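Chain by chain, the residues:
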Amino acid sequence: ILASRIEIPKKSGMLLTNRREQIIASEWIAFHLANEHHLGDRTFNLVDIFAGAGDVRSKEFRLQSSLQAEAKAEALWRKHQLTDAKVIGFHIGASRSNKAWAPQKFKSVIQHLLDTTDNQIVLFGGYNEIGLKDDFQDISSTRFTDLIGESNLDELIALVRRVDLFVTNDTGPMHIAAATCCKILNLSLGPVSFWETGPYIDGAFIMQADIDCHPCSFSKSCYHQRCHEIITPDAVCRTIIAIMGEQPLPPIDGVLTWKAGRDIFGLMHALPTAKRPIRPREFLFECKRAVWAMTLLKNLQPDTDWVKKYMQYLTTDYELVPYADREILAELESLQKQATEYAAKLCEIARESGGTKKSIDKIKTRWSSAKVIKDRMFAHSRQLDVVYDFYHYATFRETAISSNGLQEQIRQTAAIYSNLSLQLTALTRILKEK
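So, on to the pairing of strand β4 (residues 120-124). For β4, the tally of buried residues reaches 5 of 5 residues, placing the bulk of the element in the interior. A two-sided burial pattern is seen for β4, the buried positions comprising Gln120, Val122 and Phe124 on one face and Ile121 and Leu123 on the other. In this sheet, β4 lies alongside strand β3 (residues 87-91) in parallel orientation, the contact comprising 5 bridges. Its bridge partner being in β4, Val87 is matched across the sheet by Gln120. Across 3 bridges, the pairing between β4 and strand β5 (residues 144-146) is parallel. Pairing of Val122 across the sheet is with Thr145, part of β5.

Here it is in structure tokens:
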């Protein structure tokens, strides 16, 4: 609505026409909306998605604090004798309770690190975490500093920049830490997909429970919260000690650990911290990611080189195995043929002049035939849920067709479904790649 009221020559994203009709005027935003039905399918970080929508390439962002904030941070560092120490910062809050690890678990980690290492520990938090201060009052070590509620955002930037490792839930201060080049350990819990909202910086570490229901829906009411329980204080302690010692992360039963970095397309990605066989679900996820990257960045030119480059990139941290689900491959090939057939029918309609009763009758007959193909194709795609986002994407792209001429509108619609056919072809090819 705001965008519809702003008089500027170029707009991108979700827009409204003068007739209050919604337009998705960005391929990246069409992708973003197409994946709303399943949180875990969003294969790109939101920073990359919105940078793409703005037609710019994302970079690592840097936050700067004021001179006053820097002075206060330096004074606090000296007051608590942190200047010459290795400092681990903790942020224990989050915007929702199902995204936040229990304060008592953080406390166990902090106490263990104070007992077994010589690191300094600093606890961060804003006004939302003030009520949690009491949970940490009985930590008596001189190497523990509680700064909950003692900084504004400007000062937090200056303080976080000084720590050697920032341990945090998925929350705003995590992104502040990323924008200060701080090393991060992110606990990814509940309705959090780190692919989408993880720390946007090379080298960040992520811990995730190895269970099928994570990430869950924001609307889900979870009775067990196993993702919170599987990640134990002992697991977090061992991981922190390995990171601080610049050692390989230890394998932990039931926990997946990842390290963020750039893929061959220049987009933020994450790979396992230790090489292991890729799982079928992960392989399908990565293959779809490659197709979407080729769609959004390479105008869908799925030549063998791109496929091989992406597979070679994955082999640095995965042991790849061929995808052998013949049923899915057969379904993909069937859907690809339907998309090609539908696009061809639309092209036939576009070639009709529509000036005579005979040509109008032809258009009606061909349109009826095309509609049957489209309805069958969409019903078929719902049964193969792993590709339904491609169909949502095509639907959103149709909203951006702008020509006033009917024939040109039909040609543009045909181009969208020709693109869908290419996406399905590319996905099939990647899944078959040896």
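Contact geometry of helix α11 (residues 280-297) with helix α16 (residues 406-432) gives a least axis separation of 9 Å together with a crossing angle of 140°. As judged from the angle between their axes, α11 and α16 are oblique. α11 and α16 meet at a crossing whose hand is right-handed. Taken together, the residues of α16 that come into contact with α11 (itself represented by Phe283, Leu284, Cys287, Lys288, Ala290, Val291, Trp292, Met294 and Thr295) are Asn419, Gln423, Ala426, Leu427, Ile430 and Leu431.

Moving on to the nonpolar core. For soluble globular proteins, the rule of thumb is that nonpolar side chains tend to be buried together. Membership of the largest hydrophobic core comes to 98 residues, with the highest contact counts inside it found for Phe44, Val387, Phe390, Tyr391 and Tyr417. Once residues lying within four places of it in the same chain are set aside, the contact partners of Val387 are Leu332, Leu335, Leu424 and Leu427. Among the nonpolar cores identified, the runner-up in size contains 32 residues, and Leu113, Val167, Phe205 and Leu249 belong to it.

In this section: the packing of aromatic side chains. Applying the stated criterion across every chain, the model contains 17 aromatic pairs. Measuring from centroid to centroid gives 5.5 Å for Phe194 and Trp258, while their planes differ by 45°, and the two rings are tilted. Placement of the pair is Phe194 in helix α8 (residues 194-197) and Trp258 in strand β9 (residues 255-262), with a sequence separation of 64 residues. Per residue, the accessibility class of Phe194 equals that of Trp258, and both read buried. When the centroid spacing of 5.6 Å and the interplanar angle of 45° are considered together, the rings of Tyr310 and Tyr313 count as tilted. Separated by 3 residues within a single helix, Tyr310 and Tyr313 lie in helix α12 (residues 304-314), roughly one turn from each other.

About the cut-offs
- Residues numbered from 1 in each chain as written.
- Predicted model: local features only at pLDDT ≥ 70, side-chain atom pairs only at ≥ 80, totals over all residues.
- Heavy atoms only, no water.
- Buried < 20%, exposed > 50% of the residue type's maximum accessible area, 1.4 Å probe, protein only.
- Helix = DSSP H or I, 4+ residues; strand = E, 2+ residues; numbered from the N terminus.
- Pairing = 2+ DSSP bridges.
- Axes fitted to C-alpha atoms, helices over the stretch in contact; angles between N-to-C directions.
- Parallel < 35°, antiparallel > 145°, perpendicular 65-115°, else oblique.
- Left-handed = near helix turned anticlockwise from the far one by under 90°.
- Contact = heavy atoms within 4.5 Å.
- Core = buried A, V, L, I, M, F, W, Y, C linked by side-chain atoms within 4.5 Å.
- Phe/Tyr/Trp six-rings, centres within 6.5 Å; stacked < 30°, edge-to-face > 60°.

By themselves, these are just geometric observations and shouldn't be taken as functional.
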